[in-house]
Amino acid sequence: EMSALLGASIPIPQALESLGEEEENPALRGTLGRVAEAVRKGSSLSAALEEHPEQFGRLYCAMVKVGEEAGALPRVMAELADLLEHEDEVRSEVVTAVAYPAFVLVFGILTVVVLMTVVLPRLFTMLEEMLPVLPLPTLILLGISRGLSQHWPWFLAGGVGLGWGLRHYLRTSRGAAAWDGLKLRLPLIGPVFRSAALGRFARTLGTLARSGVSLLPALRIVEETIGNRVLSAQIARVAEETRGGDSLAAPLRKLGLFPRRVVQMIEVGEETGRLDDMLLKVAEIEERGMRARTKTLVSLLAPVLILVVGAIVGFMVIALLLPIFRMSRAVG
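Residues numbered from 1 in each chain as written. Predicted model: local features only at pLDDT ≥ 70, side-chain atom pairs only at ≥ 80, totals over all residues. Heavy atoms only, no water.

Draft legend 1. Region of interest: the overall build of the protein. On a plain count of helices and strands, the protein comes out with 14 helices and 0 strands. Along the protein, helices and strands appear, N-terminal first, in the series α-α-α-α-α-α-α-α-α-α-α-α-α-α. With respect to the three principal axes, the spread of C-alpha positions in the protein is 95 × 50 × 35 Å. Here the protein, with 332 residues, has 36% of them falling under the buried criterion. (Helix = DSSP H or I, 4+ residues; strand = E, 2+ residues; numbered from the N terminus. Buried < 20%, exposed > 50% of the residue type's maximum accessible area, 1.4 Å probe, protein only.)

Draft legend 2. Quick look at a nonpolar patch on the surface. On the surface, a nonpolar cluster with roughly 540 Å² of combined accessible area is contributed by V313, V317, I318, L321, L322, I324 and F325. Looking at where L321 falls in the secondary structure, it is placed in helix 14 (residues 275–331). L321 gets classed as partly exposed once you look at its relative accessible area, which sits at 34%. (Patch = residues over 30% accessible without salt bridge, like charges linked within 9 Å, V, L, I, M, F, W, Y side chains within 5 Å. Areas by Shrake-Rupley, 256 points an atom, 1.4 Å probe, with all protein chains shown as cover. Salt bridge = Lys/Arg side-chain N within 4 Å of Asp/Glu carboxyl O.)

Draft legend 3. Quick look at the packing of aromatic side chains. According to the stated counting rule, one finds 2 aromatic pairs in the structure shown. Between F103 and F107 the ring centres are 5.9 Å apart and the planes differ by 20 degrees, which places this aromatic pair in the stacked class. Taken together, the positions of F103 and F107, both in helix 6 (residues 73–130) and 4 residues apart, correspond to about one turn of that helix. In this pair, the class of F103 matches that of F107, namely exposed. The ring centre of F193 lies 5.3 Å from the NZ or CZ of K183, which sits over that ring. (Phe/Tyr/Trp six-rings, centres within 6.5 Å; stacked < 30°, edge-to-face > 60°. Lys NZ or Arg CZ within 6 Å of the ring centre and 35° of its normal.)

Draft legend 4. Geometry of the packing of helix 2 (residues 12–22) against helix 3 (residues 26–40). One can describe the packing of helix 2 onto helix 3 by two numbers: an axis separation of 9 Å at closest approach and a directional angle of 170 degrees. As far as their axial angle goes, helix 3 and helix 2 are roughly antiparallel. For the pair helix 2 and helix 3, the contacting residues are I12, P13, L16, E17, L19 and G20 in the first and R29, L32, V35, A36, V39 and R40 in the second. In terms of residue class, the contact of helix 2 with helix 3 is made up of 8 nonpolar, 1 polar and 3 charged. (Axes fitted to C-alpha atoms, helices over the stretch in contact; angles between N-to-C directions. Parallel < 35°, antiparallel > 145°, perpendicular 65-115°, else oblique. Contact = heavy atoms within 4.5 Å. Nonpolar A, V, L, I, M, F, W, Y, C, P; charged D, E, K, R; others polar.)

Draft legend 5. View of the nonpolar core. Counting residues in hydrophobic clusters, the biggest one holds 56 residues, and the most contacted among them are L45, F201, L205, L219, L248, F258 and I266. I266 has contacts with L248, A249, L252, L275, L279 and V282, leaving out every residue within four places of it along the chain. In this structure, M116, F124, L127 and L320 belong to the second largest nonpolar core, which totals 13 residues. (Core = buried A, V, L, I, M, F, W, Y, C linked by side-chain atoms within 4.5 Å.)

Remember, this is a structural readout, not a statement about activity or role.
Structure (structure tokens):
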């Protein structure tokens, strides 16, 4: 919307105020008003946006600054909108794909917990009165059920404490780096995280290059926006390698950050002066691979979760039926 307004030769403060009047989110409406006021007082748009880092990250501000310096702010804003909309589209596809397996897992866990803490204790009391010796599966289920029903406050407190401690650890630099490294090493899921991060690297760097940002500053911006600290450290090494020259393919090949075919595409892009186009093609390849892997994993994950929940419920049913069969035999 900002790109369209600026393309119609509307001054920046009026464009911001117009967007603020139509914005439903009161926090964002207030932010746009403050940005418009700062621009009206003589500040550049990029400098005014930098005063609100929670809403406008470094990538956003850097591209706006490039557009201001090149006198092509409407075009750069349009490219930035395309980048943000594409990232949101990819994120939505992944969330939609994972939603059903997550629902199956959560619903299964809640069902088992309710059965173990509310329903089964009453049944076990009747069974113990009728049978002096219960079958082994029934005894196992009885022990778990009694433990959950009698000590659930401790389990709840322990779960909350563990979740809080894990969250606090992951917020530290050491914990975040360990988690990012673990995500890349996980079987089956690791390649999905890597493809997503590398696709974002290529698309962001390609968009910055197309907007006129030089290679080294662009790499510094991508380093902070890739979303994985392990890969961010590798990109920092790539930036150091490119400090003495303009080549991007050589340090990528040296560090093994991308597959060989991708490095070759980037090298061709550098040689032909079309690095931005090649980076965007690389992003499409990585994102396509990430989507394909995600769909495959989700198509396998949902049946596996259903089987696991079914096996747990089946064990509970067997444990309940065994003493009933024994009683019927005794009566017969």
